[in-house]
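A structural walkthrough
Here's the letter readout for the chains.
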Amino acid sequence: MNYAFYKQTGRSLYAFSTTNQNLRLVSSRFKLDVPIVGAAARHLLPEVAEKLETQAIFPPHFEVGNALGAILIALNGERQQ
């Protein structure tokens, strides 16, 4: 968004942020309209989901999926060497 604003005005969007005066002229937020389904980062995803105004879903036995994913990544790395 900042790049598009800069292309149109020649100024950074951040130039309108006056945080040092505790006065914000411009703000933005991002919202995810679908839940985050995860296996990894069990302690991180709920916080990310909260900031994106969605929910984190962990399917049953997600820990196994996380372990299998790690194994597949390791095997794929070995095959590419």
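You'll find the structure just up there.
Here's a quick rundown of the structure.

Rules used throughout
Residue positions are counted from 1 within each chain, in the order its sequence is given. For a predicted model such as this one, the threshold for reporting local features is a pLDDT of at least 70, and the threshold for listing and counting side-chain atom pairs is 80 or more; totals across whole chains, interfaces and linings nevertheless cover every residue. Here the side-chain values reflect all heavy atoms present in the structure, with hydrogen atoms and water set aside. Secondary structure counts use DSSP, requiring at least four H or I residues in a row for a helix and at least two E residues in a row for a strand, with both numbered from the N terminus. The rule is simple: take the accessible area with a 1.4 Å probe, protein chains only, and divide by the maximum for that residue type; under 20% is buried, over 50% is exposed, in between is partly exposed. Only heavy atoms matter for contacts: two residues are in contact if any of them lie within 4.5 Å across the pair. Reported accessibility uses the Shrake-Rupley method at a 1.4 Å probe radius. Residues are deemed covered only where the shown protein chains occlude them. Criterion for a salt bridge: a side-chain nitrogen of Lys or Arg within 4 Å of a carboxyl oxygen of Asp or Glu.

**Observations concerning the overall build of the chain**
- From N to C terminus, the chain includes three helices and four strands.
- Going from N to C terminus, the chain has its helices and strands arranged as α-β-β-β-α-β-α.
- The proportion of buried residues among the 81 residues of the chain is 10%.
- Considering only residue pairs separated by 6 or more positions, the chain has 7% of its internal contacts joining residues 24 or more positions apart.
- If you sum the accessible surface of the chain, you get close to 7000 Å²; carbon and sulfur atoms cover 57% of it.

**Considering unusual backbone geometry**
- Positive phi, close to 55°, is recorded for E53, a residue that is not glycine.
- With respect to the secondary-structure elements, E53 resides in the loop between α2 (45-51) and β4 (56-57).

**Description of the pattern of salt bridges**
- Under the criterion given, the structure shown has one salt bridge.
- When the shortest N-O distance is used, the salt bridge between K31 and D33 registers 3.6 Å.
- Overall, D33 belongs to the exposed group, its relative accessible area being 66%.

**What to know about the environment of I36**
- Within the secondary structure, I36 sits in strand β3 (residues 36-37).
- Along the primary structure I36 and V48 are separated by 12 residues, whereas in three dimensions their C-alpha atoms are 9.0 Å apart.
- Beyond its immediate stretch of four places on either side in the chain, I36 contacts L45, V48, A49, L52, T54, Q55, A56 and I57.

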